[in-house]
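# Structural overview
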There are 2 protein chains.
Amino acid sequence: MTTDEKLALYAKALAHPIRIQIIRLLTGQACCYTGDLTQQFPIAQSTISQHLRALKEAGLIQGTIERPKVKYCLNRENFEEAQRLFETHLFSDERFIKSCAS
Amino acid sequence: MTTDEKLALYAKALAHPIRIQIIRLLTGQACCYTGDLTQQFPIAQSTISQHLRALKEAGLIQGTIERPKVKYCLNRENFEEAQRLFETHLFSDERFIKSCAS
DNA sequence: ATCGTTGATCGTAAATGTACGATGATACAA
DNA sequence: TTGTATCATCGTACATTTACGATCAACGAT
C-alpha cells in the first residue's frame, strides 16, 4: 500500500464527526467503554459499535474485553503514524514551491 | 458548524488516494491544470473533474479559468485552517491523559 | 438453569461515493 | 461558420456508508 493510500484510509476513518469525537475523547483520556459513548451520543448503540469498528479496522483504536464491558484505547503506534503521515506528506511546507508549470 | 464537523469534512475531502495526490501535487508546486491530472492519472477526465469539485467544495483548492484551461491552486487559507485543526484538535499531545474512567 | 448486562452482528433502507461514456459550454482558430 | 481544445456536467451503474431495530453471544449473578 502506498503512502497516499494509507493517508486516504486514515482520512476516511476520520471522515465522520462521531468518529472525530471518539478519537478526541481518547486523546484526552486513557480509554473508554462502549457504554460511555452510547450515553454521550444521541445515536443507537449499534451505530456506535459500527463507528468503533471502522476506527478499529483503520488501526486507530483497539479494544480489549473486560467482561461484561469492552475497553477501547487509542492505538498509539498507528495514531502517531497517521499524525506523522499527515504532517510530513500533506501539511509540510518544507518543499520549494515551484513556479506554475505548462 | 462545530470544529469536529469541520474536521470531519476536511478528512472526508482527503479520503481518497487521488485527492491526496492532487493536494500533494499542489503543495509541491504553485498550481496545475485539469489536463495535467488527466495525463498523470489513469482514470477518466470526468472522474478527475469530480474529485476536483470535491476538493473545491471542501474549500481546499480553488480554480480560475485561463481559457481554454482551468488552473487550480491550493486555497492556502483553508488548507492552513485544516492543518491547524488537525494539529490542535486531533493530534495535540498537550492534554493530560486522565486515568481510566468508570 | 434462567436472567441480566454489555456490546457485537445481522438485516435492511436510504443516502452518498466512485467510476465511466456521452454531451454541453465556452472561446479561440481556420 | 465550422471546427478544435479544454473542462464541467449529466445520466447511469455499482459499491459503500450510515442509520436503525432486532437478534445473538458471552458470562456473571440469582
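Residues numbered from 1 in each chain as written. Chains lettered and ligands numbered in written order. Predicted model: local features only at pLDDT ≥ 70, side-chain atom pairs only at ≥ 80, totals over all residues. Heavy atoms only, no water.

## Concerning helix H2 (residues 17-28) of chain A
In plain terms, the rule: Strands here mean DSSP runs of E at least two residues long; helices mean DSSP runs of H or I at least four residues long; both are numbered from the N terminus. Helix span, expected: 1.5 Å multiplied by one less than the number of residues in the helix. Whether a residue is buried, partly exposed or exposed follows from its accessible area with a 1.4 Å probe, protein chains only, as a fraction of its type maximum: under 20%, in between, or over 50%, in that order.
For H2 of chain A, spanning 12 residues, the distance from its first C-alpha to its last is 16 Å, which sits close to the expected 16 Å at 1.5 Å a residue. Within the sequence span of H2 of chain A, burial applies to Ile18, Arg19, Ile20, Ile22, Ile23, Leu26, Thr27 and Gly28 of chain A.

## A short note on the protein's contact with DNA strand D
The condition is simple: Any residue with a heavy atom positioned within 4 Å of a molecule or strand is treated as near that molecule or strand. Each polar contact in these results corresponds to two N or O atoms within 3.5 Å; when the atoms are within protein, one needs to be able to donate a hydrogen and the other to accept it, and residues that are neighboring in sequence are counted only if both atoms are side-chain atoms. Residue polarity follows a fixed list, in which Ala, Val, Leu, Ile, Met, Phe, Trp, Tyr, Cys and Pro are nonpolar, Asp, Glu, Lys and Arg are charged, and the others, Gly among them, are polar.
Near DNA strand D, the surroundings consist of 21 residues, among which Ala44 and His51 of chain A together with Gln45, Ser49 and Tyr72 of chain B are the closest. Within the side chain of His51 of chain A, one N or O atom sits 2.6 Å away from a phosphate oxygen of DNA strand D. Here Val70 of chain B contributes a backbone N or O atom positioned 3.2 Å from a phosphate oxygen of DNA strand D. Elements supplying a minimum of two residues to the surface near DNA strand D: helix H4 (45-57) of chain A together with helix H3 (34-40), helix H4 (45-57) and strand S3 (69-74) of chain B. Here the residues of the surface near DNA strand D are counted per class, giving six nonpolar, 10 polar and five charged.

## Some points on the packing of aromatic side chains
The description of an aromatic ring pair rests on the distance of the ring centres and on the angle between the ring planes. For clarity, the threshold we go by: The rule is short: rings of Phe, Tyr and Trp, with Trp giving its six-membered ring, pair when the centres are within 6.5 Å, and they are stacked under 30 degrees, edge-to-face over 60, tilted in between. Lysine NZ or arginine CZ positioned within 6 Å of the ring centre and within 35 degrees of the ring normal marks a charge as sitting over the ring.
Tallying each qualifying case throughout the model produces seven aromatic pairs over all chains. Taking 6.1 Å as the distance between ring centres and 25° as the angle between the ring planes, the aromatic pair formed by Phe86 of chain B and Phe91 of chain B counts as stacked. Look at Phe86 of chain B and you get buried, because its relative accessible area is 0%. Phe91 of chain B sits in the buried class, given a relative accessible area of 3%. The rings of Phe79, Phe86 and Phe91 of chain A together with Phe79, Phe86 and Phe91 of chain B are connected pair by pair, giving a single aromatic cluster. Across the ring face of Tyr33 of chain A, the terminal group of Lys69 of chain A is positioned such that the distance to the ring centre comes to 5.0 Å.

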